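# Observations on chain architecture
Residues per chain, in single letters:
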Amino acid sequence: MEAAGDHPVPSGPLAVRWLAYELPPIRAGALSRPRVAFENVGTAAWVPTGPRRVCLAYHWLDELGNPIVWDGLWTALPHEVQPGGRTETELTLRGPIPPGRYRLAVDLVAEDRYWFTEVGNAPLEREVEVAPRIERRTLAVLGTDEGAADDDDAEVIAYLASGVVPAPGWSDRVLDAHADGYAVVGGSIDAGGGLLRRTPHELAPYAPGTGRNPAFAHPLLCPSVVRGVEPDWIAKVEGLPAANPPTDEPWLYDGRIELRLTARPRSDRRRD
């Protein structure tokens, strides 16, 4: 671990001295677990549970110190830390979106009271270069009539269906979204409606023409998924693979990621 270096330490009930840290590579939108060592130099014990617990947490700041992600994931202390006591633990941390250069500010938080920095403590701050979530822009496609094989080395898997054809630029936009940090990505469906062929009611929310919408209120159809993340599959929608947006991973709907229906998908076709 690397020494944290000198920093101001206040007097009072809640005071921390940062001792050392170890930062693994950080990828946009992905979880990592840095290690942090620190000392209780205040007069009050830090308890890990209950209504007055103390947790380890963090913020992501820009180069000017403005918050980009305020109040990140909280990590419980591994045990009670008495005044004068030291501890070392892993911090559960999710990388910010999109990749780039950020300032990571690690802090302690007393639940329902305040951050330690609000009572005179210094955070543990370090410059961090956040990498794209996917290291290689490799995409495997499953479920099409062409029968594209699953590439075991692909970092992203897209689940399509018979009669579904990607619009120009589809793969680049899919990989751009995953590189930005999103684990599960869905897009629009051009059902080819018109005077002689009406768009199915269930596909109306997926009409092309919109942009990124991280608060999309419908299932993601024909989603693409970072390898290692398991989609929350639900019943197919008009014969298309459908998944609920994940609750524990960043996800995105982007209307510019367009798929076109050249034929009605066979609803009895099994998903690969």
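Since this is a predicted model, take the numbers as computed values, not measurements.

It is worth spelling out the overall build of the chain at this point. On a plain count of helices and strands, the chain comes out with one helix and 22 strands. Against the 2.2 N^0.38 benchmark of 19 Å for 272 residues, the chain shows a C-alpha radius of gyration of 23 Å, more extended than a compact globule. The dimensions of the chain, computed from C-alpha atoms along their principal axes, are 75 × 35 × 35 Å. Burial statistics for the chain: of 272 residues in total, 46% are counted as buried. Within the chain, contacts between residues separated by at least 24 positions form 67% of all contacts whose residues are at least 6 apart in sequence. Here the chain has roughly 13400 Å² of accessible surface; of this, 49% comes from carbon and sulfur atoms. One way to put it: in the chain the 28 positive side-chain charges average out to a point 3 Å from where the 39 negative ones average out.

Reading across the sheet, the three strands line up as E18-E21-E20 and stay open at both edges, with antiparallel pairing between neighbours. Because the sheet does not close on itself, it has two edges, and the strands there are strand E18 (220–221) and strand E20 (232–237). Here E18 pairs with strand E21 (residues 240–244) via two bridges, running antiparallel. Each bridged residue has a counterpart across the sheet, and for Leu 220 the counterpart in E21 is Ala 243.

Another aspect to go through is the environment of Pro 24. Tracing the sequence through the fold places Pro 24 in the loop between strand E2 (16–22) and strand E3 (31–32). A relative accessible area of 29% means that Pro 24 is categorised as partly exposed. Other than its neighbours up to four places away in sequence, Pro 24 contacts Ser 32, Arg 33 and Pro 34.

Considered for burial, the residues of helix H1 (residues 170–180) that qualify are Trp 170, Val 174, Leu 175, Ala 177, His 178 and Ala 179. In the segment just after H1, Gly 181 is the residue with positive phi, at about 130°.

An order of E1-E2-E4-E8 is seen for the four strands of this open sheet, with the pairing classed as antiparallel. Where the open sheet ends on each side, the last strands, each with one partner, are strand E1 (2–3) and strand E8 (86–90). Relative to E2, E1 runs antiparallel, the two sharing two bridges. When the bridges of E2 are listed, Ala 3 appears paired with Ala 20.

Okay, the pattern of salt bridges next. Here the structure, examined in full by the defined rule, presents 19 salt bridges. As a salt-bridge pair, Arg 101 and Glu 129 come within 3.3 Å of each other at their nearest N and O atoms. Highlighted residues: Arg 101 in strand E10 (residues 100–110) and Glu 129 in strand E12 (residues 124–130), separated in sequence by 28 residues. An identical accessibility class is assigned to Arg 101 and Glu 129; each is exposed. For Glu 127, the salt bridge identified is with Arg 103, shortest N-O distance 2.6 Å. Note that Glu 127 is positioned in strand E12 and Arg 103 in strand E10, a separation of 24 residues in sequence.

This model, assessed by the stated rule, comprises 11 aromatic pairs. On the basis of an interplanar angle of 5° and a centroid distance of 3.8 Å, the ring pair of Phe 216 and Tyr 253 is categorised as stacked. Here Phe 216, found in the loop between strand E17 (212–213) and E18, pairs with Tyr 253, found in strand E22 (residues 251–261); they are 37 residues apart in sequence, far enough to count as distant. There is no split in this pair, since Phe 216 and Tyr 253 are both buried. Within the aromatic cluster, the residues linked to one another by ring pairs are Trp 18, Phe 38, Trp 46 and Phe 116.

Okay, the confidence of the model for the chain next. Residue-level pLDDT values for the chain average 92, and 93% of them are 70 or greater. Segment residues 268–272: pLDDT under 50, and 13 contacts once partners within four positions in sequence are set aside and those in other chains are kept.

All right, on to the environment of Glu 135 then. If you trace the backbone, Glu 135 turns up in the loop between E12 and strand E13 (139–142). Along the backbone, Glu 135 and Arg 27 are 108 residues apart, and their C-alpha atoms lie at a distance of 9.1 Å. What Glu 135 contacts, discounting residues up to four positions off in sequence, is Arg 27 and Glu 155.

Criteria and thresholds
- Residues numbered from 1 in each chain as written.
- Predicted model: local features only at pLDDT ≥ 70, side-chain atom pairs only at ≥ 80, totals over all residues.
- Heavy atoms only, no water.
- Helix = DSSP H or I, 4+ residues; strand = E, 2+ residues; numbered from the N terminus.
- Rg over C-alpha atoms; globule rule 2.2 N^0.38 Å.
- Buried < 20%, exposed > 50% of the residue type's maximum accessible area, 1.4 Å probe, protein only.
- Contact = heavy atoms within 4.5 Å.
- Areas by Shrake-Rupley, 256 points an atom, 1.4 Å probe, with all protein chains shown as cover.
- Lys, Arg positive; Asp, Glu negative; His and termini not counted.
- Charge placed at Lys NZ, Arg CZ, Asp CG, Glu CD.
- Pairing = 2+ DSSP bridges.
- Salt bridge = Lys/Arg side-chain N within 4 Å of Asp/Glu carboxyl O.
- Phe/Tyr/Trp six-rings, centres within 6.5 Å; stacked < 30°, edge-to-face > 60°.
- pLDDT = per-residue confidence, 0-100.

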